[in-house]
2 protein chains.
Amino acid sequence: MNSIICTVDVVLLTLKNSALHVVLLKRDREPFAGELALPGGFIHADEDQDAGDAARRMLLAKAGITSPYLEQLETFTGAKRDPRGWSASIVYYALVPEEVIVQAAHPDVHLVQVDSLSNMPFDHLHIINTAVSRVRNKSTYSSLPVYLVGEKFTLPQLQKVYEAVMGEPINKVSFRRKMDALGMIELTDEYETGKPNRPGQFCRVKEEFRGALSTMGRAFNAG
Amino acid sequence: MNSIICTVDVVLLTLKNSALHVVLLKRDREPFAGELALPGGFIHADEDQDAGDAARRMLLAKAGITSPYLEQLETFTGAKRDPRGWSASIVYYALVPEEVIVQAAHPDVHLVQVDSLSNMPFDHLHIINTAVSRVRNKSTYSSLPVYLVGEKFTLPQLQKVYEAVMGEPINKVSFRRKMDALGMIELTDEYETGKPNRPGQFCRVKEEFRGALSTMGRAFNAG
DNA sequence: ACAATAGTGTCTCTTAGACAATATCGA
DNA sequence: TCGATATTGTCTAAGAGACACTATTGT
């Protein structure tokens, strides 16, 4: 009566060389054995309390990563997306700084630039594109991109992250005003060093905003 | 290996007496037989091409309704939300004018005001609240509420719909400017009649925007 | 001192809300 | 004509982008 194949997949995104990259793993079983695909797998009804737990478990088991930001993207369903039959994939997406992936140093992890993808197994290309669209859109009016930088960062660094994600420049003054208005960032007393110019002042996300998102009433415009 | 119960539920919303209502049906089988719950059921792998098809099929079979706007809300999962075991419900939401429900005249349909709900089966209360939040939020920056009115409507009528959905007044001039800027509404040459005041001019959604959403760069403020 | 980038002050322009004038209906 | 509501014009205020000025570093 209910022969639906029900899985969970995770789109783990990061910023590398100012470009969005996605974590892919080489599949170790059929179908599509040997091909690069999203981390994912079956729900373990005995150990996962819900699908979010399953996503966290897969992220940790398959990439050695724990992400403070993990959100459900959408569920992709259909009779034809999986050669084994009618399937539903509950997809989550997560954002982490590149160093988190580097430090995990998981041997199976491949970082691939999101706009150089083609020929993915299943509908994973469509899934990744959907996730990237969501992230880009959400970045225009929220603090989402702060999950792509480490604990300490300067405002110009953060602005470059926003610009890399959204793919367009942002007005510097507006950016600082918006970040200030969000009220989630505080200055530290540390400064950049080593560069032949005025050093930036390091900031961090306020304690009470860790793991949360702030949204602004209006999106960024061009800069 | 995969004993997940996988279902589809639909939150069908409408506006009645200027308040959001949801369509509920009396369950005809266990669990929770006899209680009011969201229309839903199992995916039919043989007739549904994807979960959206399943949602449309259920809406038609159980409420006699075809909704031009139907969107995936979220998938609700967990070991405890269904007494039968670990389950995943792919939830869609839809918006239709009240007359569509009235004309369908389906005997099982119950229209219940969304903020008078309590004691729903499963996590249906949580699902409905999530859907209502989504609709309210989306209404602040998009044309979503036009799906709650019929084909012909005046701008003051539409404004009242927006205000009913969002629960707060909107500035009249701003509202008209925004609607004009969306460019999806056109005036007809018909006018209201029968009221002891200047009649409103009827509008309709332009042909090319039927079934689509328009979004504005910035949300409504208070009015 | 110079080049380069960080951080700030301020002007202008857009746009939203307030307010009010005008328009049109039935009684 | 009056009361009620639709529609439009315009003023004001808030906020965003442009621009340029000041600040601070290494060379």
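Summarised in this report is the structure supplied together with it. Only a predicted model underlies this, so the values are computations on that prediction, with no experimental measurement involved. (Residues numbered from 1 in each chain as written. Chains lettered and ligands numbered in written order. Predicted model: local features only at pLDDT ≥ 70, side-chain atom pairs only at ≥ 80, totals over all residues. Heavy atoms only, no water.)

Topic: the relation of the copies chain B and chain A
At an RMSD of 0.0 Å, chain B and chain A line up after a rotation of 180° and a shift of 0.0 Å along the axis. Accordingly, the operation relating the two chain copies is best matched by a two-fold axis. Residue R218(B), judged by its C-alpha, is the member of chain B lying nearest the rotation axis, at 2.8 Å. Looking at the interface residues of chain B, 100% of them are also at the interface in chain A, so both copies use one shared face. (Least-squares fit on C-alpha atoms with pLDDT ≥ 70 in both. Contact = heavy atoms within 4.5 Å.)

Here's the deal with the side chain of T154(A)
All names here are of chain A. Mapped onto the elements of the fold, T154 is located in strand β8 (residues 153-154). For T154, a relative accessible area of 1% translates into the label buried. What T154 contacts, discounting residues up to four positions off in sequence, is E192, G200, Q201 and F202. (Helix = DSSP H or I, 4+ residues; strand = E, 2+ residues; numbered from the N terminus. Buried < 20%, exposed > 50% of the residue type's maximum accessible area, 1.4 Å probe, protein only.)

Details of the packing of aromatic side chains
All names here are of chain B. In total, this model carries eight aromatic pairs over all chains according to the counting rule given. Ring geometry for F32 versus F122: centroids 4.8 Å apart, planes at 70°, classification edge-to-face. Separated by 90 residues along the polypeptide, F32 in the loop between β2 (19-26) and β3 (36-37) and F122 in the loop between β7 (109-113) and α3 (124-139) bring together distant segments of the chain. For F32, a relative accessible area of 26% translates into the label partly exposed. Here Y162 and F175 contribute two aromatic rings whose centre-to-centre distance is 5.3 Å and whose plane-to-plane angle is 70°, an arrangement assigned as edge-to-face. Taken together, the residues Y162 in helix α4 (residues 155-166) and F175 in helix α5 (residues 172-182) connect sequence positions 13 residues apart. (Phe/Tyr/Trp six-rings, centres within 6.5 Å; stacked < 30°, edge-to-face > 60°.)

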